[in-house]
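Fold and contact review
Residue strings, one per chain:
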Amino acid sequence: MSQRVNIRKAAPAGYAAVVHLEKYLTTTRIAPLHHELIRIRASQINGCTYCMDIHAKDALALGESSRRLFTLSNWRETDFFTEEEQVILAATEEVTLIHKGLSDETYAGAARVFDEEYIAQLIMAVIVINAWNRIGEATNMKPALAPVSVYGKKNLT
């Protein structure tokens, strides 16, 4: 089945609520590049190609290296990511894989490098991309050849 419901049109109030959460995240202290790492890693776990495509291109536009993006799914086996990014990625994985939850070890690591407000913002960022992934996957969204990024620029193909 290729044609599915357009959530934006069929449930505009629900869609707007998710957009509102996304807008809230732009007011947080999470660096735009870190937010893209959250979005990409959660999207990898959830298998949301649409979101992986958009956010990888957004990360590149923000100056992220292709080398780090290529190894993101195996970030624990590299020394490419800072301590803060490692905590962000671990929390992203654990909140996305909710059957495990956010472990005490990961939470302690987050508390070591971030304050409570930042940890709350990080959890919200993971929750929001997971919502978008579920919308994308449930409605069978596929990446276009040249999608427009979150930042309003046409992405590279």
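First, a word on what this report is: a plain description of the structure on this page.

Conventions adopted
- Residues numbered from 1 in each chain as written.
- Predicted model: local features only at pLDDT ≥ 70, side-chain atom pairs only at ≥ 80, totals over all residues.
- Heavy atoms only, no water.
- Salt bridge = Lys/Arg side-chain N within 4 Å of Asp/Glu carboxyl O.
- Helix = DSSP H or I, 4+ residues; strand = E, 2+ residues; numbered from the N terminus.
- Buried < 20%, exposed > 50% of the residue type's maximum accessible area, 1.4 Å probe, protein only.
- Axes fitted to C-alpha atoms, helices over the stretch in contact; angles between N-to-C directions.
- Parallel < 35°, antiparallel > 145°, perpendicular 65-115°, else oblique.
- Left-handed = near helix turned anticlockwise from the far one by under 90°.
- Contact = heavy atoms within 4.5 Å.
- Nonpolar A, V, L, I, M, F, W, Y, C, P; charged D, E, K, R; others polar.
- Phe/Tyr/Trp six-rings, centres within 6.5 Å; stacked < 30°, edge-to-face > 60°.

Quick look at the pattern of salt bridges
A full pass over the atoms with the stated rule returns 10 salt bridges. Residues Glu93 and Arg41 are paired through a salt bridge, measuring 2.8 Å at the closest nitrogen-oxygen approach. Of the two residues, Glu93 sits in helix 6 (residues 83–96) while Arg41 sits in helix 3 (residues 32–46), which places them 52 residues apart along the sequence. Comparing Glu93 with Arg41, the two get one shared label, buried. For Glu83, the salt bridge is made with Arg112, and the minimal N-O distance between the two is 3.4 Å.

A few points about the packing of helix 3 against helix 4 (residues 49–61)
For any two helices packed against each other, one specifies the inter-axial angle together with the distance between the axes. Direction vectors running N to C along helix 3 and helix 4 enclose 155°, while the axes themselves pass 9 Å from each other. Comparing the axis directions of helix 3 and helix 4 gives the class roughly antiparallel. At the point where helix 3 passes helix 4, the crossing takes the left-handed sense. Contact residues: helix 3 offers Leu33, Glu36, Arg39, Ile40, Ser43 and Gln44, while helix 4 offers Cys51, Met52, His55, Ala56, Asp58 and Ala59. Its residues assigned to classes, the contact of helix 3 with helix 4 shows six nonpolar, three polar and three charged.

Quick look at the packing of aromatic side chains
Applying the stated criterion to the full structure yields two aromatic pairs. Ring plane angle 70° and centroid distance 5.3 Å describe the contact between Tyr15 and Trp132, whose orientation is recorded as edge-to-face. One end of the pair, Tyr15, is in helix 2 (residues 12–25); the other, Trp132, is in helix 8 (residues 116–138), with 117 residues separating them in the sequence. With a centroid separation of 4.1 Å and 20° between ring planes, the pair formed by Phe114 and Tyr118 is classed as stacked. Under the relative-accessibility criterion, Tyr118 is labelled buried at 6%.

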